[in-house]
2 protein chains.
Amino acid sequence: MTQQETQRRTRLNRDLVLSTAVALADRTGFEGLTMRTLAQEFGVVPMALYKHVANKEDLLDGMVDIVFSEVAVPSGPDWKTAMRERSISMRQALVRHRWAVGFMESRMRPGPANLRHHNAVMACLRQAGFSFRTTVHAYSTLDSYTYGFLLQEKTLPFDTAEESGEVAAQKLAMQPAEMAAQFPYLIEVVMELGMSGYDYDVEFRVGLDLILDGIEKLRPDWVDAASVSASVPESVPGVGDVATTAD
Amino acid sequence: MTQQETQRRTRLNRDLVLSTAVALADRTGFEGLTMRTLAQEFGVVPMALYKHVANKEDLLDGMVDIVFSEVAVPSGPDWKTAMRERSISMRQALVRHRWAVGFMESRMRPGPANLRHHNAVMACLRQAGFSFRTTVHAYSTLDSYTYGFLLQEKTLPFDTAEESGEVAAQKLAMQPAEMAAQFPYLIEVVMELGMSGYDYDVEFRVGLDLILDGIEKLRPDWVDAASVSASVPESVPGVGDVATTAD
DNA sequence: ACCTGAACACCGTTCAAGT
DNA sequence: ACCTGAACACCGTTCAAGT
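Residues numbered from 1 in each chain as written. Chains lettered and ligands numbered in written order. Predicted model: local features only at pLDDT ≥ 70, side-chain atom pairs only at ≥ 80, totals over all residues. Heavy atoms only, no water.

1. Topic: the side chain of Asp143 of chain A
Structurally, Asp143 of chain A is set in helix H7 (residues 132–155). Here Asp143 of chain A is in contact with Arg86, Glu105 and Gly148 of chain A together with Gln152 of chain B, once residues within four sequence places are set aside. (Helix = DSSP H or I, 4+ residues; strand = E, 2+ residues; numbered from the N terminus. Contact = heavy atoms within 4.5 Å.)

Structure below.
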């Protein structure tokens, strides 16, 4: 309406279309983003968008690159701190843009921020002394964890710690009481999380640190501090080869 | 056609609708599954389906429960082996049903197989001596990793080890040569994976074992075998409290 | 009890115009 | 160079009928 009365406020361009699409998806969810609703944001007919993006796939490529541009690149002398902060930054970006998690690694045409980010992560680990193969293991494990955590955080039926118990209870309340007795360990989840809640932030950090500690042991020069006495001699040959607990 | 000539082969029922929907999604992808294409599988009009499923959301609920029913529940005396096999079974199910990964933990109405599975996983860890909180950490970390790995395996542009290098090269070939020089560590990925390939199976197991080893240390009675001499005395007090390497 | 047909309010996208 | 309008081939789903 007002867009039509006044002269067009701003001419469309690709960056404006992309950033508006991101904001619209943040606000209304991915299903709320259609070429038609996006056009409406500008007071423009849907077809006007096709001058600035090739199609919806191209629009999505650009949106994902905006998300990548918001993720902090690992930096600093300590690879572990750098990678921890990068993962936390990735989570924050994906909490802001919940629609994005399924698309981050599925783009056939990665944008510049995407390439820059992946290159920087590889650089961080390679320069920390990890072999190429170990770097691939580390990167794959960390990103799998981060994306998987957010996939669940995105879609799990509760958002706040207070809500978590209630919704879990509702889930089971739908089943008859006898069925609830059939799953005692789910009852425990309902009771315990209902009392103490579920904090996504600390939960994410626990798994993250567990994985970072595991990655540390993949380094060729890694020495288990707990396996040597408090005053450690200069060389402890074969210390990493001691058998682990049987399983 | 033939469905119309002969008398209706089989009357529709919910289970048949659900299993056919799973098979159709496996064959044609999630976008290929619509109420209309599904109806066509039976030679029936789309509206006929609504007698057996409430709507598409309800259809999806049932499909996800079929996937859960295919995942091996953890069993056996050793929690680590049991959980490893469960994760591998989960991956296999999600490789068969790539459309499912984003929906496994997002159902508002979990089906019976879903409840049974989650209860069994909680039981396995609790009975292995993990505290409730630690069990939640362990479960969250393992599932995040598994779902995240499959999210990438599902959407990453290459399927086979042989393809991986080529597609990665294509990705970068789209950029000008100077841009490729801007990302030396991505070039390494293209070169190395082009030569030796990328095996999803072994890659998954590396991260999985790394996480299982980390979870083992969260157990209250865990003792670091590498931190004690080969012949271990009955009690080693405080051995787990030795400071780790600085970071 | 189960299936049908027509219709409604949506999609992304093409094509031919308009300014 | 940029935006419009009408149209096409799709969606999920409602409603009123058929057998």
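The structure having been displayed, the exposition proceeds.
2. Topic: the domain arrangement of chain A
Much of the literature gives interface size as the accessible area that the parts lose upon coming together. Residues and elements named next belong to chain A. Taken domain by domain, chain A comprises domain 1 (3–53) and domain 2 (68–160 + 199–230). Counting residues at the interface gives four residues for domain 1 and four residues for domain 2. Summing both partners gives a buried area of about 370 Å² for domain 1 against domain 2, and 74% of it is carried by carbon and sulfur. Of all residues in domain 1, Val22, Asp26 and Phe30 give up the largest surface area on contact with domain 2, accounting jointly for 88% of the area buried on that side. At the surface where domain 1 touches domain 2, the tally comes to zero salt bridges. (Domains from an automatic or database assignment. Buried area = accessible area lost by both parts, 1.4 Å probe. Salt bridge = Lys/Arg side-chain N within 4 Å of Asp/Glu carboxyl O.)

3. Some remarks on the protein's contact with DNA strand C
Close to DNA strand C lie 15 residues; Arg36, Met47, Tyr50 and Lys56 of chain A together with His52 of chain B are nearest. A breakdown of the atoms of DNA strand C within 4 Å of the protein gives sugar and phosphate a share of 48%. Contact distances for DNA strand C include 2.8 Å between a phosphate oxygen and a side-chain N or O atom of Tyr50 of chain A. One of the side-chain nitrogen or oxygen atoms of Lys56 of chain A is found 3.0 Å away from a phosphate oxygen of DNA strand C. (Near = heavy atom within 4 Å. Polar contact = N/O pair within 3.5 Å; in protein donor to acceptor, adjacent residues only side chain to side chain.)

4. Focus: the UniProt feature "domain: HTH tetR-type" (unreviewed entry) in chain A
In this numbering, the UniProt entry assigns the feature "domain: HTH tetR-type" (unreviewed entry) to residues 11–71 of chain A. Secondary structure content for residues 11–71 of chain A is 61% helix and 0% strand, while the C-alpha to C-alpha distance between its ends is 29 Å. (UniProt positions renumbered as here; feature names shortened; annotations may be inferred.)

5. Re the protein's contact with DNA strand D
Not every one of the 15 residues close to DNA strand D is listed here, only the nearest: His52 of chain A together with Arg36, Met47, Tyr50 and Lys56 of chain B. Sugar and phosphate atoms represent 50% of those atoms of DNA strand D found within 4 Å of the protein. With respect to DNA strand D, the side chain of Lys56 of chain B contributes an N or O atom lying 3.0 Å from a phosphate oxygen. Residue composition of the surface near DNA strand D, by class: eight nonpolar, three polar and four charged. (Nonpolar A, V, L, I, M, F, W, Y, C, P; charged D, E, K, R; others polar.)

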